[in-house]
Amino acid sequence: MIMSGKKHKGQSEFSRFIYQLSKNKMAMIGLAIIILEVFIAVFAPAIAPYGYQEIDANALRQPPSSAHWFGTDEIGRDIFSRVIIGTRYSLSMGILATLISSAIGIVIGAIAGFAGGWADNVIMRALDVIQSLPGMLLVIVMSAVLGSGYFNTILALSVGSIPAAARMLRANMLRQRKAEYIEAAYSINCSPARIIFKHLVPNSISANIVQMTMGVSHVIVQAASLSFIGLGIQPPTPDWGAMLSGARAFIRKSPHMVIFPGLAIAITVLAVNMLGDGVRDAMDPKLKK
Amino acid sequence: MLRYFLKRLLWMIPIILAVAIVVFTLMTFCPGDPAEIILGSEATDEALEAKRVELGLRDPYFVRLARYLSDTFIHFELGTAWKTGIPIADSIKERLPRTMLLSGITLFLSFGIGVPLGVIAAVNQNRWQDSLCMILALIGVSMPNFWLALLLVILFAVKLKWLPALGIGGVKYYILPAISSSSMHIASSARQSRSSMLDVIRSDYITTARAKGVPENQVITKHALKNALIPIITMMGTQFGKMLGGAMIIETIFSIPGMGTLIITAVNNRDYPVVQTGSIFLAIVFSFSMLLVDMLYALVDPRIKAQYQRKGKMKRRAK
């Protein structure tokens, strides 16, 4: 893994980025947790000791024990198993929603930044309108419109993050558009599509990538908030936010029901943030030597 | 300068109108029949149909939109909630201040605690103070506010019985909501302040100030912080939207009758007028706060002020 300083000189931007990132201990810990979670999500049914809907009527709201590591919930389901299965929802929803919103945002931003003039104006004013609603409110309304369920919730979550991605790309593209290499590309008769996708977007996208890694953690929290208030993913699906929502009623007598699903969300968000910080530092041109 | 802000203020009118149209349109696509939700599942078909006609749901989309817009923006008639029959204007008058208070406290705490923490971390870069602040901040930004709220309730309301778990009343009722809604923002403003302080501290004029023999604490507060504040204020503007959204969730946990509980219940009841009008008011509050951020900019950064003035002069000359 360790490369000598000489070796990484003259290599591509990407391998420099990977080298920088791999030197960052916090980022690597974050990445390790994320990989572990992906592993758990893939093999969840094999890891979970009980089925996520398996009811044990003799063990209602039991505190953690050797039989039920995280205790049981109000109808006797094993919380550890439900948290394990729940790994499949949080992280994947965060990543998918961020990918969708970034992809749409980048295309919109690229059109606005390249076209300029009235097209730019119309797009930016439309983004103004969307952004004048607080993000969570927009996500709540979108979620009510699209209905519950995994993919509908992902769509609802992604709508809130499109404007920021579009603005970021547009701003960087406006800066790039005046660069000499773009003029050169025009002069050798490159088509606009080629200029946008081969030159402008790749050179303007680094800020968006940083924004995306930071955005994943925000979306995970939003997704959990949604199912917490009863929209988004619905019970009995063991989404962590939905589990917390169900546990709220028993907060006085069975606090363990609140602690573990929340801890799972917090650890996931922490890992994503640690990796995100590393990505930002590795991409920051100020740190380049 | 003044002209610029007046222009921004006028520009808010079409934006808010567009917000109203967007939310109205979204709500019409909302699955679920409001008549059935109001009357319950045992209602007869005739009663349901009569209710739909009464609510105006049978009219074409454009007729309903036009009626809604003219009622709201021309006659300032906000109507009543379908489900409860309470005038919407009354509920907003009662609830909006609570949500704004909660978001305001959050803003105040995140600025008042987060910025000093970030400055302390930046001044002591790579020392233990820095590591401690940044680890705390990393944990803070990763802690979902509603989970923190539940944990605080378990500790302070259920176990220690020091503070009430829900409802509204005196100051005591706002302590737990304020902590849980602000922790994430305190942490993120600490992170932002640290990085923007570090950017500034490395610049030449700070070295110059030190070389001139300016005392260190003055270098930090007068020279560095003043310049570092600009990106921090930008962030605060965008964060305020998140604070309003976060307050909506926190309200549901602590049963605070604010805009969040109003809108979330209305969404679940398919109470379209409440959702629409509530959203418009939150959008107005948010737009005003963004305008305020821009004005703060001009206060902190004389370059921006000069830019506005130059623009104004150039325009006048062009005429």
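How each quantity is defined
- Every chain is numbered independently, its residues counted from 1 as its sequence is written.
- The naming scheme follows written order: chains are lettered A onward, ligands numbered 1 onward.
- With pLDDT at 70 or above as the cut-off, local features in this predicted model cover only qualifying residues; side-chain atom pairs require 80 or more to be listed or tallied, and sums for whole chains, interfaces and linings still use all residues.
- A run of H or I in DSSP becomes a helix once it reaches four residues, and a run of E becomes a strand once it reaches two; helices and strands are each numbered from the N terminus.
- Burial in this document is a count-based property: other C-beta atoms within 10 Å of a residue's C-beta are tallied, and the residue is buried at 20 or more, exposed at 12 or fewer, or partly exposed in between, with C-beta positions derived from the backbone.
- C-beta atoms are first placed from the backbone for all residues, and any pair lying within 7 Å is then listed as a contact.
- By definition here, a helix of n residues has an expected span of 1.5 Å times n minus one.
- In this description, one arc is meant: the one made by directions from the helix axis to the C-beta atoms.
- Scored from 0 to 100, pLDDT records how confident the predictor is in each individual residue.
- Three categories are distinguished: nonpolar for Ala, Val, Leu, Ile, Met, Phe, Trp, Tyr, Cys and Pro, charged for Asp, Glu, Lys and Arg, and polar for the others, with Gly belonging to the last.
- To count as a nonpolar core, a set of buried Ala, Val, Leu, Ile, Met, Phe, Trp, Tyr and Cys residues must be joined through C-beta atoms within 7 Å.
- Structural elements are reduced to axes, namely lines fitted to C-alpha atoms, with helices fitted over the stretch in contact, and the angle between N-to-C directions of any two is expressed from 0 to 180 degrees.
- Working rule for angles: under 35 degrees goes down as roughly parallel, over 145 as roughly antiparallel, 65 to 115 as roughly perpendicular, anything else as oblique.
- Note: crossing handedness is left-handed where the near helix turns anticlockwise from the far helix by less than a right angle, and right-handed where it turns clockwise.

Peer 1: Explain the overall build of chain B to me, please; I cannot follow it from the model alone.
Peer 2: Helix and strand counts for chain B stand at 13 helices and 0 strands. Reading the helices (α) and strands (β) of chain B from amino to carboxyl end gives α-α-α-α-α-α-α-α-α-α-α-α-α. Dimensions of chain B, computed from the C-alpha atoms along their principal axes, are close to 85 × 70 × 30 Å. Looking at chain B as a whole, 38% of its 319 residues are labelled buried. Across chain B, contacts joining residues at least 24 apart in sequence account for 72% of those joining residues at least 6 apart.

Peer 1: Looking at this model, I keep getting lost on the overall build of chain A. Mind explaining?
Peer 2: Counting its secondary structure elements, chain A contains 13 helices and 0 strands. With the C-alpha coordinates aligned to their principal axes, the bounding extent of chain A is approximately 80 × 50 × 30 Å. Scored against the burial criterion, the 289 residues of chain A give a buried share of 46%. Considering only contacts within chain A whose residues lie at least 6 apart along the sequence, 69% involve residues at least 24 apart.

Peer 1: Please clarify how helix α6 (residues 117-131) of chain A should be interpreted in this entry.
Peer 2: What sets the pattern is the α-helix's 3.6 residues per turn: residues three or four places apart point alike. All names here are of chain A. Its 15 residues give α6 an end-to-end C-alpha distance of 21 Å, which sits within 8% of 21 Å, the value for a rise of 1.5 Å per residue. Listed in full, the buried residues belonging to α6 are Ile123, Leu127 and Gln131. All buried residues of α6 lie within an arc of 75 degrees about the axis, which places them on one face of the element. Exposed side of α6, more than 90 degrees from the buried face: Trp118, Asn121 and Val122 are the residues found there. Where α6 is buried, its residues contact α5 (79-115) and α8 (150-177).

Peer 1: Explain the confidence of the model for chain A here, please?
Peer 2: Close inspection of predicted coordinates is inappropriate for parts of the model with low pLDDT. Residue and element names in this part refer to chain A. Here chain A shows a mean pLDDT of 86. Residues at 70 or above account for 94%. Averaged over each element, pLDDT in chain A is lowest for helix α1 (residues 5-8) (48) and highest for helix α3 (residues 25-42) (93). Scored below 50 in pLDDT, residues 1-7 shows 3 contacts in the model against residues more than four places distant or in partner chains.

Peer 1: How should the interface of chain A and chain B be read in this particular structure?
Peer 2: Interface size, as often reported, equals the accessible area lost upon joining of the parts. The partner chain B presents 39 residues to the 32 residues of chain A that form the contact. Secondary-structure elements contributing two or more residues to the side of chain A that touches chain B are α6, α7 (135-146), α11 (206-228) and α13 (256-283) of chain A. The residue inventory of the side of chain A that touches chain B, partitioned by class, reads 21 nonpolar, 8 polar and 3 charged.

Peer 1: Explain helix α11 (residues 259-269) of chain B to me, please; I cannot follow it from the model alone.
Peer 2: Most of α11(B) sits inside the fold, with 8 of its 11 residues counted as buried. Inspection of α11(B) places B:Met259, B:Gly260, B:Thr261, B:Leu262, B:Ile263, B:Ile264, B:Ala266 and B:Val267 among the buried residues, and these make up the whole buried set. The secondary structure elements touched by the buried residues of α11(B) are α7 of chain A together with α5 (88-123), α10 (216-254) and α12 (272-300) of chain B. Looking one or two places after α11(B), you find B:Arg270, whose phi comes out positive at around 55 degrees.

Peer 1: For this particular structure, what's the right way to read the nonpolar core?
Peer 2: Across soluble globular proteins, you tend to see nonpolar side chains buried next to one another. Of all hydrophobic cores here, the largest spans 150 residues; its most connected members are A:Leu137, A:Ile140, A:Val141, A:Ile220, B:Ala149, B:Ile263 and B:Val275. The element best represented in this core is α10(B), accounting for 18 residues. In this view, B:Ala149 contacts B:Leu176, B:Ser180, B:Ile250 and B:Ile253; residues no more than four positions away in its chain are not counted.

Peer 1: What exactly am I supposed to notice about the packing of α8(A) against helix α10 (residues 192-204) of chain A here?
Peer 2: Packed helix pairs are characterised by how far apart their axes lie and by the angle those axes make with each other. Residues and elements named next belong to chain A. Put simply, α8 and α10 touch, their axes get as near as 8 Å, and they point 120 degrees apart. In terms of axis orientation, α8 runs oblique to α10. Pair α8 / α10 crosses with right-handed handedness. Seen from α8, the contacting residues are Leu169, Asn172, Met173, Gln176 and Arg177; seen from α10, they are Leu200, Asn203 and Ser204. A per-class count over the contact of α8 with α10 returns 3 nonpolar, 4 polar and 1 charged.

Peer 1: Teacher, can you tell me more about the environment of A:Met243 here?
Peer 2: All names here are of chain A. Turning to its location among the elements, Met243 is positioned in helix α12 (residues 240-247). A sequence separation of 19 residues divides Met243 from Gly262, and the C-alpha atoms of the two residues are 8.8 Å apart. The residues touching Met243, leaving out its near neighbours within four places in the chain, are Arg82, Gly86, Pro238 and Pro261.

Peer 1: Help me out: how do you make sense of the packing of α5(A) against α8(A) in this one?
Peer 2: Residues and elements named next belong to chain A. For the pair α5 and α8, the least separation of the axes is 5 Å and the interaxial angle reads 40 degrees. Between α5 and α8, the angle is such that the two are oblique. Note on packing geometry: the crossing formed by α5 with α8 is right-handed. Residue composition of the contact of α5 with α8, by class: 19 nonpolar, 9 polar and 3 charged.

Peer 1: When you look at unusual backbone geometry in this model, what are you seeing that I'm missing?
Peer 2: Residues and elements named next belong to chain A. Cis geometry is adopted by the peptide bond preceding Pro236, which originates at Pro235 and carries an omega value of 10 degrees. For Pro236, the location among the structural elements is in the loop between α11 and α12. In this model, Asn189 sits at a positive phi of 70 degrees, which is unusual for a non-glycine residue.

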